[in-house]
Amino acid sequence: MGVEKFGVIGAGQMGNGIAQVAAASGLKVLMSDIKQDFCDRGMAAIAKNLDRMVSKGKMEAGEKEAILGRIETTTDLADMAGVDFVVEAAVEREDLKFKIFEDLDKICPAHVILSTNTSSIPIGRIAARTSRPGKIIGMHFMNPVPVMKLVEVIRSLATSQETFDLTWELCERFNKTPAEANDFPGFIANRILMPMINEAIFCLYQSVGKAEDIDTVMKLGMNHPMGPLALADLIGLDTCLAIMETLYDGFKDSKYRPCPLLRKYVEVGWLGRKTGKGFYEYT
């Protein structure tokens with residue numbers, strides 16, 4: 001089955017990034033969100049990213065306009081009936097993702113593959129909410145999507161080989177490097193990354209060091225391009241907490257217990273870059 005029109009659920013940071021790389025690969029893209037304002041913001045973010053590429057000489061102005069011209073937006077999920085492949089990039093909430101997949105299963109023709117950009121929720125758990133478990137797969141892009149090369153491709157026990165192969169080919173078409181992961185909470189990326197970030201938050205919580213010093217140790221001592229607390233702010237502390245809760249619930253192991261300080265920051269609304277304050281302040 002060929003893919004000509006690509007659907008993206010969610011116009012936020014991850015969704016608009018996925019829409020951009022899909023459109024840049026030549027696909028027609030339909031990007032959906034619950035409000036037109038969210039769609040407009042997503043399109044503005046894509047335009048800003050492309051303008052930056054034009055200003056740096058990495059893209060011609062005509063190519064930018066062609067990419068934007070291949071992206072449509074909608075607030076009606078039913079419009080996904082006309083796409084060939086869908087990736088869901090809504091917030092990391094299990095109940096919300098279950099509802100989206102239940103609805104997409106009814107809306108989309110039986111041949112359409114439904115993928116999820118979930119950071120941690122087992123794919124089989126999502127697939128069980130549909131009548132097409134063989135066509136459900138994880139397609140976990142990294143943030144920021146237009147820059148980061150990796151896509152984790154996660155298959156559940158029920159995912160068909162055809163679904164896996166087509167998803168892998170799409171990653172390569174998007175100029176990404178796919179890596180295969182099996183279906184465990186957090187997959188590969190966040191099973192390794194999030195406990196490290198959580199431990200860095202514990203270091204701050206227990207006054208082992210200040211945020212700047214914790215990040216400096218990891219950048220200069222471990223050669224990480226970004227410190228774990230700054231990275232948490234970039235990811236979103238609410239997303240970090242949701243992933244840690246999925247790991248903790250999935251493995252029932254105390255080493256995955258979310259740091260109380262992380263929970264406090266989320267409860268007070270300090271979510272990182274997107275709110276202007278997390279472990280650091282942003283203007």
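Residues numbered from 1 in each chain as written. Predicted model: local features only at pLDDT ≥ 70, side-chain atom pairs only at ≥ 80, totals over all residues. Heavy atoms only, no water.

### With respect to the overall build of the chain
When helices and strands are tallied, the chain shows eleven helices and eight strands. A compact globule built from 283 residues would reach a C-alpha radius of gyration of about 19 Å, and the chain, at 19 Å, matches this within 12%. Principal-axis analysis of the C-alpha atoms gives the chain an extent of 55 × 45 × 30 Å. The buried share of the chain, taken over its 283 residues, is 50%. If you take every contact in the chain between residues at least 6 apart in sequence, the share linking residues at least 24 apart comes to 66%. Here the chain displays about 13,300 Å² of accessible surface, and carbon together with sulfur accounts for 53% of that area. Where the 33 positive side-chain charges of the chain centre and where its 37 negative ones centre are 3 Å apart. (Helix = DSSP H or I, 4+ residues; strand = E, 2+ residues; numbered from the N terminus. Rg over C-alpha atoms; globule rule 2.2 N^0.38 Å. Buried < 20%, exposed > 50% of the residue type's maximum accessible area, 1.4 Å probe, protein only. Contact = heavy atoms within 4.5 Å. Areas by Shrake-Rupley, 256 points an atom, 1.4 Å probe, with all protein chains shown as cover. Lys, Arg positive; Asp, Glu negative; His and termini not counted. Charge placed at Lys NZ, Arg CZ, Asp CG, Glu CD.)

### Considering helix α6 (residues 161-173)
When the terminal C-alpha atoms of α6 are compared, their 18 Å separation across 13 residues agrees well with the 18 Å that a helix rising 1.5 Å per residue should span. Burial in α6 covers these residues: Thr-163, Phe-164, Leu-166, Thr-167, Leu-170 and Cys-171. Contacts from the buried residues of α6 go to β1 (5-9), β4 (85-88), β5 (113-116), β6 (136-141), β7 (150-155) and β8 (177-182). Two residues or fewer after α6 comes Asn-175, characterised by a positive phi angle close to 65 degrees. (Expected span 1.5 Å × (residues − 1).)

### Quick word on the packing of helix α7 (residues 189-205) against helix α8 (residues 211-222)
Relative to each other, α7 and α8 sit at 140 degrees, their axes nearing to 9 Å. Compared by their axis directions, α7 and α8 come out oblique. Regarding α7 and α8, the two cross each other, and that crossing is right-handed. Taking contact as the criterion, the partners of Met-196, Ala-200, Cys-203 and Leu-204 in α7 are, on α8, Ala-211, Ile-214 and Met-218. (Axes fitted to C-alpha atoms, helices over the stretch in contact; angles between N-to-C directions. Parallel < 35°, antiparallel > 145°, perpendicular 65-115°, else oblique. Left-handed = near helix turned anticlockwise from the far one by under 90°.)

### Some details on the sheet that holds β4
One open sheet holds the eight strands; their spatial order is β3-β2-β1-β4-β5-β6-β7-β8, and the pairing between them is mixed. Whereas interior strands pair on both sides, the edge strands pair on one side only; in this sheet they are β3 (71-74) and β8. Averaged over all adjacent pairs, the angle separating strand axes in this sheet is 25 degrees, with direction ignored. Bridge analysis of β1 against β4 gives four bridges, and the strand direction is parallel. When the sheet's bridge partners are listed, Phe-6 is paired in β4 with Phe-85. Its contacts with the sheet place α6 against β1, β4, β5, β6, β7 and β8, and it is angled at close to 175 degrees to β7. (Pairing = 2+ DSSP bridges.)

### Comments concerning the packing of aromatic side chains
Per the stated rule, a full pass over the model turns up seven aromatic pairs. Between Phe-202 and Tyr-205, the ring centres sit 6.3 Å apart and the planes meet at 65 degrees, which makes this aromatic pair edge-to-face. Placement of the pair is Phe-202 and Tyr-205 together in helix α7, with a separation of three residues, close to one helical turn. A relative accessible area of 11% means that Phe-202 is categorised as buried. Residue Tyr-205 is classed as partly exposed on the basis of its relative accessible area, which comes to 38%. Taken together, the ring pairs connect Phe-6, Phe-85 and Phe-174 into an aromatic cluster. Residue placement shows Arg-155 over the ring face of Phe-164; its charged tip is 3.9 Å from the ring centre. (Phe/Tyr/Trp six-rings, centres within 6.5 Å; stacked < 30°, edge-to-face > 60°. Lys NZ or Arg CZ within 6 Å of the ring centre and 35° of its normal.)

### Brief notes about a positive patch on the surface
Positive charge collects at one region of the surface, where Lys-48, Arg-52, Lys-56 and Lys-58 lie side by side. One can find Arg-52 in helix α2 (residues 36-55). The class for Arg-52 is partly exposed, based on a relative accessible area of 38%. (Patch = residues over 30% accessible without salt bridge, like charges linked within 9 Å, V, L, I, M, F, W, Y side chains within 5 Å. Salt bridge = Lys/Arg side-chain N within 4 Å of Asp/Glu carboxyl O.)

### Looking at the pairing of β7
Counted residue by residue, β7 has five buried out of six residues, so it is predominantly covered. Strand direction decides the pairing type here: β6 and β7, joined by five bridges, are antiparallel. Following the sheet pairing, His-140 is matched in β7 by Glu-152. Where β7 and β8 come together, six bridges link them in parallel fashion. By the bridge assignment, Val-153 is partnered in β8 with Glu-180. With α6 bridging β7 and its parallel neighbour β8, the resulting β-α-β unit is right-handed. (Right-handed = clockwise from strand over helix to strand, strands pointing away.)

### Side note on the nonpolar core
Taken as a class, soluble globular proteins show a tendency for nonpolar side chains to be buried jointly. The biggest cluster of nonpolar side chains holds 36 residues, and the ones touching the most others in it are Phe-6, Phe-141 and Phe-174. No other element matches helix α1 (residues 13-24), which puts six residues into this core. Beyond its immediate chain neighbours, meaning those up to four positions away, Phe-6 contacts Ile-18, Ala-22, Leu-27, Lys-28, Val-29, Leu-30, Val-83, Phe-85, Val-87, Leu-170 and Phe-174. With 24 residues, the next largest nonpolar core counts Ile-197, Leu-229, Cys-240 and Ile-243 among its residues. (Core = buried A, V, L, I, M, F, W, Y, C linked by side-chain atoms within 4.5 Å.)

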